[in-house]
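# A look at the structure
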Amino acid sequence: MDSNPTQGGTTAERIERQLAGARLRVLIIGAGIAGATLGALLRRRGEPAAIIERSDGEEDGGYMLGLMPLGGRVLNGLGLAQEYEAGSLPVRFYILHDRHGQKIRRYPLAPLVDRFGSWRGIERGVLLRMLRQAAGSIEYGTVVEAIDEDAEGATATFHDGSKATFDLIVGADGIHSTTRGLILAQNEVEDFDTGWGGFVVWSTLDPQEADTYRELWSAGWGVGIYPVPGRCGIFLAGLHQELKEREAQEYGDAIEKRLPAGPFRNAVAKRDRSTPAFYWKMADCRARTWSRRRTLLLGDAAAAFLPTAGVGASAAMDSAAALADELSRADVGHMDYALQLYEKRQRRRVELAQKNSRNLARYMFVNSGPMAWARDQFMHFYSLERLMRDISRVMEGE
């Protein structure tokens, strides 16, 4: 992964040198999964974009991802298939437990894997390093403070006061996107909040559990176990209003006492207490429009995902691939047309997958004992096809 380019000058001057002679002058704001994937794909096509990132680039794993074929297959086109396989684990089973820790159903994932491709567990940091290396130079510690656009282009004002004009500015800066706030009005964004949140902590990997995701959902709390190479991620879930006042390790101790003997208690008991926990508020958002004339939102900036279906990263990569494809045929004079084609092509797919994640949240995140009991009874008859119905439709090409 390249750090900030070595040339001196203002941010705008460095980017101008980087884009000299480019057919399309594209600025990508955010080097997360969506932005880095788009940057890598454009570079692969011989049309590299300028990429900026607010952070300093020194990110740890943060949390684990279950990368579905929808996203994993994009890595084939980047020549990263072998590196991806080496840095991830295959997911072959999903096991759902009731509020007492008893198994409700064991879902083999073979029907999906055989049809669409591998489903693998990977750390976000590992995937990011792969994608950022493929994307090339990234300007870290860089922020866009204003965007002005017209029919001729979009002008970004950077944090150092310098300005540059682009054929397209792509906001790929996540669920809390500042780009979205610069180009959309507040009423053009719809928020969805489950009222839940959770801590991601790391624990020892049980080799016998390396190909299995497990989840236990009770009334007002829950636990998920998600293996990656060398360790497993644990999600300690609960009501956001309660968790925001608690420490991760103290909450982990409280959860451990509630759990029956078995894989959940074992994993929580062996958790790593030295690594800071990642807190994930169970909320998402959806932009009512993704693009203006010369600006576009991508990934979580356009439609953020709850982690309930594990499809957010995959959807972001799929969208980046679709956008790279449309840009390969775009000309500067008709950029707005290219963006309209992209949104028509991708918006329904993304919102179907987001809908699936929201629907699963309604089953998982229940707050009363009677509701948890009713949910557990119902889930005995809930098939894998029904769990993944909308996501399967997306992978089928809808």
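Each value, and the rule that gives it
- For every chain, the first residue of the written sequence is number 1, and numbering continues from 1 along that sequence.
- Confidence filtering applies because this is a predicted model: local features only for residues at pLDDT of at least 70, side-chain atom pairs given and counted only at 80 or more, and all residues used for totals across whole chains, interfaces and linings.
- Where side-chain values are given, they derive from all heavy atoms of the structure, hydrogens and water being excluded.
- Every helix listed is a DSSP run of H or I at least four residues long, and every strand listed is a run of E at least two residues long, numbered separately from the N terminus.
- It is over C-alpha atoms that the radius of gyration is taken, and the globule rule equals 2.2 Å times the number of residues to the power 0.38.
- A simple rule labels every residue: compare its accessible area, found with a 1.4 Å probe on the protein chains alone, to the largest value its type can have, and call it buried under 20%, exposed over 50%, or partly exposed in between.
- The contact criterion used throughout is that any non-hydrogen atoms of two residues lie within 4.5 Å.
- When DSSP finds at least two bridges between two strands, those strands are taken to pair.
- Axes here mean lines fitted to C-alpha atoms, for a helix over just the part in contact, with angles spanning 0 to 180 degrees between N-to-C directions.
- We place a 1 Å grid over just the protein atoms. Points where a 1.4 Å probe fits but has no way out form a cavity, open points with protein on both sides within 12 Å along at least 5 of 7 lines form a pocket, and any residue with an atom within 4 Å of a point lines it.
- Grid points are joined across faces, edges and corners, and a volume is the space filled by probe spheres set on the points.
- Nonpolar core, defined: a set of buried Ala, Val, Leu, Ile, Met, Phe, Trp, Tyr and Cys residues in which side-chain atoms within 4.5 Å join the residues together.
- The salt bridge criterion pairs a side-chain nitrogen of Lys or Arg with a carboxyl oxygen of Asp or Glu, the two atoms within 4 Å.
- Three residue categories are used. Nonpolar comprises Ala, Val, Leu, Ile, Met, Phe, Trp, Tyr, Cys and Pro, charged comprises Asp, Glu, Lys and Arg, and polar comprises the others, including Gly.

### Quick word on the overall build of the chain
Within the chain, the regular secondary structure consists of 16 helices and 18 strands. Taken over C-alpha atoms, the radius of gyration comes to 21 Å for the chain, in line with the 21 Å a tight globule of 398 residues would show. Taken along its principal axes, the extent of the C-alpha atoms in the chain is 65 × 45 × 40 Å. Here the chain holds 398 residues, and 58% of them are scored as buried. When contacts within the chain are restricted to residue pairs at least 6 apart in sequence, long-range pairs at least 24 apart make up 74% of them.

### Some details on the sheet that holds strand β10 (residues 153-158)
In spatial order, the strands read β9-β10-β11; together these 3 strands make up an open sheet with antiparallel pairing. Strands at the two margins of the open sheet, each flanked by one partner only, are β9 (144-150) and β11 (163-166). With strand direction ignored, the average angle separating the axes of adjacent strands in the sheet is 20°. Alignment of β10 against β11, held across 4 bridges, turns out to be antiparallel. If you follow Ala156 over to β11, its bridge partner there is Ala164. The sheet strands contacting helix α1 (residues 11-18) are β10 and β11, and the helix crosses β11 at an angle near 35°.

### Considering the layout of surface pockets
Taken as a whole, the second largest pocket spans an internal volume of roughly 200 Å³. Around the second largest pocket sit 13 residues that line it, and Thr204, Asp206, Pro263, Asn266 and Ala267 are the ones nearest its centre. Residue assignment for the lining of the second largest pocket shows that the elements contributing at least two residues are β13 (189-204), β15 (221-228) and α11 (263-269). Element by element, the count of residues in the lining of the second largest pocket is highest for α11, at 3 residues.

### Brief notes about the nonpolar core
If you look at the biggest cluster of nonpolar residues, it comprises 116 residues, and the most contacted ones within it are Leu27, Leu38, Leu75, Leu127, Phe158, Phe166 and Leu298. By residue number, the principal contributor to this core is helix α13 (residues 335-364), which donates 10 residues. In this structure, Cys232, Ile234, Leu243 and Phe264 belong to the second largest nonpolar core, which totals 17 residues.

### Side note on the pairing of strand β6 (residues 103-108)
Looking along a regular strand, one sees side chains alternate from face to face of the sheet. Here strand β5 (residues 93-97) pairs with β6 via 5 bridges, running antiparallel. If you follow Tyr94 over to β6, its bridge partner there is Tyr107. Connecting the antiparallel pair β5 and β6 is a turn made up of 5 residues, with Gly101 showing a positive phi of about 90°.

### Remarks on the sheet that holds strand β14 (residues 212-217)
Strands in a sheet are paired, the pairing made by backbone hydrogen bonds, and the direction either parallel or antiparallel. Spatial ordering of the open sheet is given by β6-β5-β14-β15-β16-β13-β17, a layout of 7 strands whose pairing is mixed. Strands at the two margins of the open sheet, each flanked by one partner only, are β6 and β17 (278-287). Sheet twist, expressed as the mean angle between neighbouring strand axes with direction ignored, is 20°. Note: β14 against β15, 4 bridges, orientation antiparallel. Across the sheet, the residue bridging to Trp217 is Gly222, located in β15.

### So, the pattern of salt bridges
In the structure shown here, the tally under the stated rule is 28 salt bridges. Where Arg345 meets Asp325, a salt bridge forms, and the shortest distance between an N and an O atom there is 2.6 Å. Remark: Asp325 occurs in helix α12 (residues 312-328) and Arg345 occurs in helix α13; sequence separation between them is 20 residues. On the basis of relative accessibility, which here comes to 19%, the residue Asp325 falls in the buried class. When salt bridges with common partners are traced through the structure, they connect Arg45, Asp325, Glu326, Arg329 and Arg345 into a single cluster.

### Focus on empty space enclosed by the protein
Across all of its chains, the model carries 2 cavities of 30 Å³ or more by this definition. One number sums up the size of the largest cavity: a volume of about 80 Å³. Lining the largest cavity are 14 residues, with Gly299, Ala303, Ala315, Ser319 and Val350 positioned closest to its centre. Only α12 and α13 provide two or more residues apiece to the lining of the largest cavity. Among the elements that make up the lining of the largest cavity, the one with the highest residue count is α12 (4 residues). Of the residues assigned to the lining of the largest cavity, the class counts are 10 nonpolar, 3 polar and 1 charged. Within this model, the second largest cavity holds a volume of roughly 40 Å³.

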